[in-house]
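Examination of the molecular architecture
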Amino acid sequence: MPSGVLLARRPLQLPGAALPGRRDLLPPRAWPGIAAAALTPRNRKLCCRGAARCPDRRLLFATVGALSSSRRASHYEKLQVAALLSKTTIQFEHGASFQSEYVVPGDVEAAGFQIDADELSSIVESRDIKKFTVHGELDVIADKLATSLTNGIVTDKDLLNQREGIYGVNKFAESEVRSFWEFVWEALQDTTLIILTACAFVSLAVGITTEGWPQGAHDGIGIVASILLVVSVTGISNYQQSLQFRDLDKEKRKIHVQVTRDGFRQRVLIDDLLPGDVVHLAVGDQVPADGLFISGFSVLVNESSLTGESEPVFVNEDNPYLLSGTKVLDGTCKMLVTAVGMRTQWGKLMAALTDAGDDETPLQIKLNGVANTIGKIGLFFAVLTFVVLSQGIIGQKYHDGRLLSWSGDDVLEILNHFAVAVTIVVVAVPEGLPLAVTLSLAFAMKKMMNDKALVRQLAACETMGSATVICSDKTGTLTTNRMTVVKACICGNTMQVNNQQTPSSLPSRFPEIAVETLLESIFNNTSGEVVINRDGKYQILGTPTETALLEFALFLGGDCKQKQQESKIVKVEPFNSTKKRMSVILELPDGGYRAHCKGASEIVLAACDKFIDERGCIVPLDDETASKLNDIIKTFSSEALRTLCLAYREMEEGFSSHEQIPLQGYTCIGIVGIKDPVRPGVRQSVATCRSAGIAVRMITGDNIDTAKAIAQECGILTEGGIAIEGAEFREKSAKELLDLIPKIQVLARSSPLDKHTLVKHLRTTFNEVVAVTGDGTNDAPALREADIGLAMGIAGTEVAKESADVVILDDNFSTIVTVAKWGRSVYVNIQKFVQFQITVNVVALLVNFSSACFTGDAPLTAVQLLWVNMIMDTLGALALATEPPNDNLMKKAPVGRTGKFITNVMWRNIMGQSLYQFAVMWYLQTQGKYLFGLEGYNTDIVLNTITFNTFVFCQVFNEISSREMEDINVLKGMTKNSIFLGVLTGTIFFQFILVQFLGDFANTTPLNQQQWLVSILFGFLGMPVAAAIKLIPVERHEKADERGMP
């Protein structure tokens, strides 16, 4: 990823614990790492100049002091310092302007506006009520912006372009993409390559001096060319990955927001927002730009990402300021956008900060440790090899008394020995391991995007492959989230609701008072909205549940606008997962007040002491009637219907907006049953998870009977499994939970804390690797607690998405299974590559070291080893790390938390293949001259070329064998992997060129047909040997599934 990219591909992990769980997160537009904010000369000047007239100098000195200490602060603290600096500077810059009349710039006035972008953005950023008042407050500011608080901006293309030209776009400035040459230069920084480059230039100097040009330059040029080839391939690979990650960043920014334009509600991309837009915000939304509160209820905003204050802030007419990047914790409202992009407070802070780079994934860290260990072993063998190779010439000179007399040839020989030793280090250090992880993750991320899964955290790809438990929501994940009311019980009478009935016939079956009260309840106690679209037709906006209720009310012949105009909303308590209900207070035309409540059927029904009977009379709710209604709820639930109860209460004693909405004393209006069909393919996906050793648990806020019916339909609730309600779960002791949790398959009527508790126990007590799905703001703690947080892309709030590692774009459980398959594929692909690379390492070290010890010569030269290094590192990673997943992956038990990365199966394959290859190399070294009938002056170079050629073809065929670590059939699906075939073809082609035409540089000589065939044959024989090795039984590291899955 290019450094300096302002829009991060993963949220920043911060210290502390603002929310329960493992990590606190900055908004998605924050960076993966943040350096200290620089106090620019202009800001320093402003601070010094303003100190003399600042009424509170302590704020200034605190700011500067905080900036000074920020060098030692965490990333989070640095951000808060920058926020404080920004706020202080704004106060200095605009302190004098409040007392002077604002002058509209000419270009702004010519465009039809009465306020410029900087002045407009400072209203919210400075949070000074004087400035807000000076500009005429909300209505006048809207007029100056040429917008309507009711209808929004006009979407004429020319007017939009004009508005954009004056006020800017809602995007952060991005740094330039790092060029290909920067990645090449980065690859050249490798220490061993630098040493080899120095060896190459010394070789060139000594060679040309002693042998002249071009004969003396062959060795040096060969090493330089090999280095450049390795560096170029590495640079290309890293450059392509950076472009790929940049594309994924753009996908993450595809956030839609609800706005009113031309008088119509519509969804637009967050990047398309403009000052003057009227934005609709609800619980869980991220504030998309700076703006002013227009209207709303109970709006509670978390500003901790900007201010560091953990206490949420109430936003209303008295405190109308909304800042980009903050989160709506409760309530709903409309907001007038005043600043976008780099003019928002968040955008200005971003301009002062720099990218500190990316964190490595856990597997990369683990493999770096493996690479370091192998590298140390390689360094030890390299030193021994150099000593053994050089002791002959040094010993001879010492014997002859010419230890200080060195010719050019002597220096070249020692230099060649040193180059071989350094190259052994190059080969031994498996720098391809982290590269393989990155390649595999990047490849998986791209493919998962096509499969409707957006990866926000690289580590999630590999972690998902180890998942042992998936805790899934019901609504929208296991079901389609397309809800309709199919049954209703009104006035004690149950009816089937279907589209064949004429709307006019339904109300006639019930008392008028009951129908009118029901319509008043549905149309006013809702977070949804019925609007007229551009085609003049009704369009319902809101959650699927709200949409189903509003459709039902329209089906009953209700008029939404009329009902809403008949009364005035005084107070709203939005639905949340804790209360399981939504309430509203209406001021009636006669001056009285009425409360309406809807929510979980058994909870709302328990709050009722009266009901409307079949005559339309309000009568006491006795035990018999309550039992009858509870039976109806159970009947609806057993049919997999989601049930809601609607009730109201006359507020005879009056009501004040400062009071709490009553929880008891309601009159039951009716109960509705909402159908949410199970998604096609879910049952099969659950079965796939079971065969893969992944336990699936449903955690839902729904009624337990509904949850059980859906769970049975999905195949989640099986014989021996337990379905339990959250209230009962909370009462269990730690000892009881120890026996209970392994058997829980359904947790119904659960609160966010129940979900968090279950996930925490699974991770800590039972050592499971847990994946959790979530869509609401209250799911954030569980998503953070989980090993892998999966947020829903359609139904999920921005807070949930930000807390998650992966966003499921189609909200489909089958996609979660696909993510698990890709996670396993990443893990297994890297294991294949490690197996392949360690084999090459072992053989290369043994061949050169043993040959140096016994013959005094190394058969594989520096150039040849560099070519082998590229085959096994970059090209090997490219070939093996990009293998697509196969169905067999989901037929094996998960690795889990304690599984070893290098398994016994891998050690078996490595040792077997290494012994075969070493035996072939040793046979060629000792018997090759007789086998091929070699005679003459060039015998040694021909034999070394054959050895080199055979060694390379052993790696080519071993690469094919490494496609499967246990299955004998390694050719299955190979023709479908174009990358793998391309790498093999390229390797063979360049090997042919290297041997036949680049002998002067590669220390090779052209081989005849027989020698080529024997080399290929020895390499090919490695495949049946590998197949035979796979028949040797070994004890697996992975233990059988002992988690007691019912």
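This one's a predicted model, so the numbers in the text were calculated from it and none came from an experiment.

**Quick notes on the overall build of the protein chain**
Scanning the protein chain from N- to C-terminus turns up 37 helices and 28 strands. Residue burial in the protein chain is summarised as follows: out of 1046 residues, 57% are buried. By sequence separation, contacts in the protein chain at least 24 residues apart represent 74% of the contacts at least 6 residues apart. Only carbon and sulfur atoms are counted for the fraction: they give 56% of the accessible area of the protein chain, which is about 43500 Å².

**So, the nonpolar core**
One finds Met921, Phe948, Phe951 and Ile960 to be the most contacted residues of the largest nonpolar core, which totals 71 residues. Residue contributions to this core peak at 13 residues, all from helix α31 (residues 862-880). Once residues within four sequence positions are removed from consideration, Phe948 is found in contact with Leu860, Gln864, Trp867, Val868, Gln991, Leu994, Val995 and Thr1004.

**Topic: the packing of helix α30 (residues 813-855) against helix α33 (residues 939-961)**
It is at 10 Å that the axes of α30 and α33 come closest, and there the two elements cross at 160 degrees. Of the possible angle classes, the one that applies to α30 and α33 is roughly antiparallel. For the pair α30 and α33, the sense of crossing is right-handed. Residues Phe836, Thr839, Val840, Val843 and Ala844 of α30 form the contact with α33, whose participating residues are Phe951, Gln955, Asn958 and Glu959. The residue makeup of the contact of α30 with α33, split by class, is five nonpolar, three polar and one charged.

**Notes on the environment of Gly592**
Structurally, Gly592 can be placed in the loop between β17 (581-587) and β18 (593-600). On the basis of relative accessibility, which here comes to 25%, the residue Gly592 falls in the partly exposed class. Taking the C-alpha atoms as reference points, Gly592 and Ser567, 25 residues apart in sequence, are found 10.0 Å from one another. What Gly592 contacts, discounting residues up to four positions off in sequence, is Leu586 and Glu587.

**A closer look at the packing of aromatic side chains**
For the coordinates displayed, the defined rule picks out 15 aromatic pairs. Where Phe132 meets Tyr321, the ring centres are 6.4 Å apart and the plane angle is 70 degrees; that geometry is what we call edge-to-face. One end of the pair, Phe132, is in helix α6 (residues 129-134); the other, Tyr321, is in strand β8 (residues 321-322), and 189 residues separate them in sequence. Here Tyr321 falls in the buried class, since its relative accessible area comes to 3%. Relative to Phe655, the ring of Tyr593 has its centre 6.5 Å away and its plane inclined at 55 degrees; by these criteria the two rings are tilted. Residue Tyr593 is found in strand β18, and its partner Phe655 is found in the loop between β21 (641-651) and β22 (666-675); the two are separated by 62 residues along the sequence. Of the residues examined, Tyr593 reaches a relative accessible area of 18% and is grouped as buried. Overall, Phe655 belongs to the buried group, its relative accessible area being 9%.

**Comments concerning the confidence of the model for the protein chain**
Any residue range with low pLDDT should be treated as having predicted coordinates unsuitable for detailed reading. Per-residue pLDDT for the protein chain has a mean of 80; in total, 82% of the residues score no lower than 70. Below a pLDDT of 50 lies the segment residues 1-76, which in the model reaches 188 contacts outside its immediate sequence neighbourhood of four places, other chains included. For the stretch residues 90-100, pLDDT sits under 50, and the model shows 18 contacts to residues farther than four places along the chain or on other chains.

**Considering the sheet that holds strand β28 (residues 806-808)**
Within the open sheet, the eight strands sit side by side as β10-β28-β27-β26-β11-β23-β25-β24. Their pairing is mixed. Lying at the two open borders of the sheet, with one neighbouring strand each, are β10 (453-455) and β24 (722-725). Recorded for the sheet is a direction-independent mean angle of 20 degrees between the axes of neighbouring strands. In terms of strand pairing, β10 meets β28 through three bridges, oriented antiparallel. Bridge pairing links Val455 to Val806 in β28. Its contacts with the sheet put α30 on β10, β11 (469-472), β23 (695-699), β26 (770-774), β27 (788-792) and β28, and the angle it makes with β28 is roughly 145 degrees.

**A short note on the UniProt feature "transmembrane region" (unreviewed entry) in the protein chain**
What UniProt calls "transmembrane region" (unreviewed entry) maps, in this numbering, to residues 187-208, 220-239, 374-394, 414-444, 979-999 and 1011-1033. Taken end to end, residues 979-999 is 95% helix and 0% strand, and its first and last C-alpha atoms sit 29 Å apart.

**Comments concerning a nonpolar patch on the surface**
A cluster of nonpolar side chains, namely Ile394, Tyr398, Leu403, Leu404, Trp406 and Val411, defines an oily patch on the protein surface of about 640 Å² accessible area. Relative to the helices and strands, Tyr398 resides in helix α14 (residues 362-400).

**Here we look at the pattern of salt bridges**
Oppositely charged side chains are able to pair whenever their charged atoms sit close together. In this structure the tally under the stated criterion is 24 salt bridges. A salt bridge links Lys610 to Asp609; the shortest N-O distance between them is 2.8 Å. Judged by relative accessible area, Lys610 falls into the partly exposed class, the value being 28%. Given the relative accessible area of 38%, Asp609 is considered partly exposed. Connected through salt bridges with shared partners, the residues Lys474, Arg642 and Asp702 form a single ionic network.

**Quick look at the pairing of strand β19 (residues 608-612)**
Two strands pair when backbone bridges link them, and β19 and β22 are joined in this way by three bridges, in the parallel orientation. Following the sheet pairing, Cys608 is matched in β22 by Tyr666. Where β19 meets strand β20 (residues 618-620), three bridges bridge the pair, whose relative direction is antiparallel. Its bridge partner being in β20, Phe611 is matched across the sheet by Val619.

**A closer look at the packing of helix α32 (residues 904-932) against helix α37 (residues 1022-1029)**
Running from N to C, α32 and α37 point in directions that differ by 145 degrees, and their axes come no closer than 10 Å. Crossing angle aside, the handedness with which α32 passes α37 is right-handed. Listed contacts from α37 to Arg908, Asn909, Gly912, Gln913 and Tyr916 of α32 are Gly1022, Val1025, Ala1026 and Ile1029. For the contact of α32 with α37, the residue count by class is four nonpolar, four polar and one charged.

**So, helix α7 (residues 137-144)**
Because the α-helix completes a turn every 3.6 residues, residues three or four places apart line up on one side. Listed as buried for α7 are Leu138, Ile141, Ala142 and Lys144. Mapping the buried residues of α7 onto a view down its axis gives an arc of 160 degrees, with all of them on the same face. Facing away from the buried side of α7 by more than 90 degrees, the exposed set consists of Asp139 and Asp143. Positive phi shows up at Ala146, right after α7, with a value of about 55 degrees.

**What about helix α18 (residues 512-524)?**
Spanning 13 residues, α18 covers 18 Å between terminal C-alpha atoms, matching the ideal 18 Å at 1.5 Å per step. With 10 of 13 residues buried, α18 is to be regarded as a mostly interior element. When α18 is considered as a whole, its buried residues turn out to be Ala514, Val515, Thr517, Leu518, Leu519, Glu520, Ser521, Ile522, Phe523 and Asn524.

**A word on the pairing of β21**
Within β21, eight of the 11 residues are buried, which leaves it mostly tucked inside the rest of the structure. With eight bridges connecting them, β18 and β21 associate as antiparallel partners. In the strand pairing of β21, Tyr593 is matched with Met651. In this sheet, β22 lies alongside β21 in antiparallel orientation, the contact comprising eight bridges.

Thresholds applied
Residues numbered from 1 in each chain as written. Predicted model: local features only at pLDDT ≥ 70, side-chain atom pairs only at ≥ 80, totals over all residues. Heavy atoms only, no water. Helix = DSSP H or I, 4+ residues; strand = E, 2+ residues; numbered from the N terminus. Buried < 20%, exposed > 50% of the residue type's maximum accessible area, 1.4 Å probe, protein only. Contact = heavy atoms within 4.5 Å. Areas by Shrake-Rupley, 256 points an atom, 1.4 Å probe, with all protein chains shown as cover. Core = buried A, V, L, I, M, F, W, Y, C linked by side-chain atoms within 4.5 Å. Axes fitted to C-alpha atoms, helices over the stretch in contact; angles between N-to-C directions. Parallel < 35°, antiparallel > 145°, perpendicular 65-115°, else oblique. Left-handed = near helix turned anticlockwise from the far one by under 90°. Nonpolar A, V, L, I, M, F, W, Y, C, P; charged D, E, K, R; others polar. Phe/Tyr/Trp six-rings, centres within 6.5 Å; stacked < 30°, edge-to-face > 60°. pLDDT = per-residue confidence, 0-100. Pairing = 2+ DSSP bridges. UniProt positions renumbered as here; feature names shortened; annotations may be inferred. Patch = residues over 30% accessible without salt bridge, like charges linked within 9 Å, V, L, I, M, F, W, Y side chains within 5 Å. Salt bridge = Lys/Arg side-chain N within 4 Å of Asp/Glu carboxyl O. Arc of directions from axis to C-beta. Expected span 1.5 Å × (residues − 1).

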